[in-house]
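Coordinates in review
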Amino acid sequence: MTILVTGATGTVGRRVVEQLLERGEHVRALTRDPARAEFPAGVEAVRGDLADPASLEGALEGVTGLHLITFDGGLFAPLATGEEILERARAAGVRRVTVLNGGGDTPMETAVRASGLAWTVVMPVEFMANALEWAPGIKAEGVVREPFVDRLSAMVHESDIGAVAATALTEDGHGGQVYLITGPQALTVGDKVAAVAAARGRAVELVELSEEEALADWRAKGMPEDVIAFLIEVYRDTPPEGKTVIDTVEKVTGRQARTFAQWAEENAEFFRPSGAGGVPGRPRGAPPRGASRARSP
C-alpha cells in the first residue's frame, strides 16, 4: 500500500514519513521541489502543490492513505482547495485520510470531515520543537527570556504526532476520530529550561520578562499583532487542553509518549555554542510559540 504525505518537509510531515517507514510502508512525499527535498532512503519524492489540485493527479495514483495539512506551505494561508483534493482522492481509491489540525476551523479540515472517507483529525498541543526558538539566546548567552514562566504546557514530541497519524493511516478503527495529542508531562518554562541545560551539559539562566517587556520585545522583532495577542492570551491563561496530560499516544500507538527530556537530548547540539549546523527557525505547522488552540475531541 502507498501512503501520500503532504507537508512532508515540515516539522510534523517529516515525522509522519519516518513513522510510516518504520512500519514498512511505501511512502510517497509531496513537495514543490523534489530535487531539493531530503528524505530518508526508500521515500518516493513527487512534485505537487496543494494549492493546485490538478498537480496531484500523478501523486495520488495507487494511493490508499493520504496525510493532509490545512495551510499553504509557501504563504501559510488556509487552503481552500480541500473539496477538489478530496474528490480526486476518492476517485484515486484513497480509503483513509488524516489531517493535521491548524489550531481552529479551516476549509481543509471541513472538507476532510465531509469526504466520506475514513478520516482522522490529528490535533496536537504545543510542539516540543518550539523550544528551538530559544537556541540563539542559549548558544550566545546561555539565557532564556520569557514571560509567564510558571505557565504549564503538556507539549508533545513531533515523532508522537507522526506515530498517531501513521497508525490512523494504516490501521482500521480510527475513522471519524479527533485525536487531541499531548506529551506525558505538564511542564513550566523553568522545567523545560532545566531539561535543555541538562541535555547540553551547561547551565541556562531563565530571565522572566514582564508582560510589558515581552510585548516590547515581540514588537521590536516584527511579530504581527494578531500573533502577539494570541501569545498573551495563551500564556496568561493557557486553555485546559494545552496543559492537561492525556494518554492518546499510548492508546493509539501502544507506546508511551516521549518526554521533553528525551527531545532535549535528541536536539542538544542546537543549544551548544560549538554545535554543528544552523539553528532551525519556527517549525512549520507549529502553533506560534504557545499552546495550540486545540479543542477537546
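Below, the structure is looked at part by part.

Rules behind the numbers
In this convention, every chain numbers its residues from 1, walking through the sequence in written order. Totals for whole chains, interfaces and linings use every residue, but because this is a predicted model, local features are given only for residues with pLDDT of at least 70 and side-chain atom pairs only at 80 or more, for both listing and counting. Water and hydrogen atoms were dropped before computing side-chain values, which therefore reflect all heavy atoms in the structure. Two strands form a pair only when DSSP identifies at least two bridges running between them. Going along the chain from the N terminus, every DSSP run of H or I of four or more residues is numbered as a helix, and every run of E of two or more is numbered as a strand. Axis lines are fitted to C-alpha atoms, over the contacting stretch for helices. Their N-to-C directions set the angle, which ranges from 0 to 180 degrees. Any two residues whose heavy atoms approach within 4.5 Å are treated as being in contact. Only protein chains enter the area calculation, which uses a 1.4 Å probe; residues under 20% of their type maximum are buried, those over 50% are exposed, and those in between are partly exposed. Multiplying one less than the number of residues by 1.5 Å gives the expected span of a helix.

**What to know about the sheet that holds strand β3 (residues 44-47)**
Strand order in the open sheet formed by seven strands is β3-β2-β1-β4-β5-β6-β8, with parallel pairing between adjacent strands. Two strands close off the open sheet at either side, each with one partner strand: β3 and β8 (177-181). Here the average twist between neighbouring strands, direction ignored, is 20°. One ladder, built from four bridges, connects strand β1 (residues 2-5) with strand β4 (residues 63-68); its direction is parallel. Among the inter-strand pairings, Leu4 is bridged to a residue of β4, identified as Leu66. Sheet strands in contact with helix α5 (residues 158-170) are β1, β4, β5 (96-100), β6 (118-124) and β8, and its direction is about 160° off that of β5.

**Overview of the environment of Leu60**
Position of Leu60 among the secondary structure elements: in the loop between β3 and β4. Classification of Leu60 by relative accessible area gives buried; the value is 3%. In this structure Leu60 touches Leu4, Arg28, Arg88, Ala89, Ala92 and Val94, once residues within four positions along its chain are discounted.

**Focus: helix α8 (residues 225-236)**
In a regular helix each residue adds 1.5 Å, so 12 residues correspond to 16 Å; α8 covers 16 Å between its end C-alpha atoms and thus fits that length. Taken together, the buried positions of α8 are occupied by Val227, Ile228, Phe230, Leu231, Ile232, Val234 and Tyr235. Each element contacted by the buried residues of α8 is listed here: β7 (143-147) and α7 (211-220).

Purely spatial values, then, with no claim about function.
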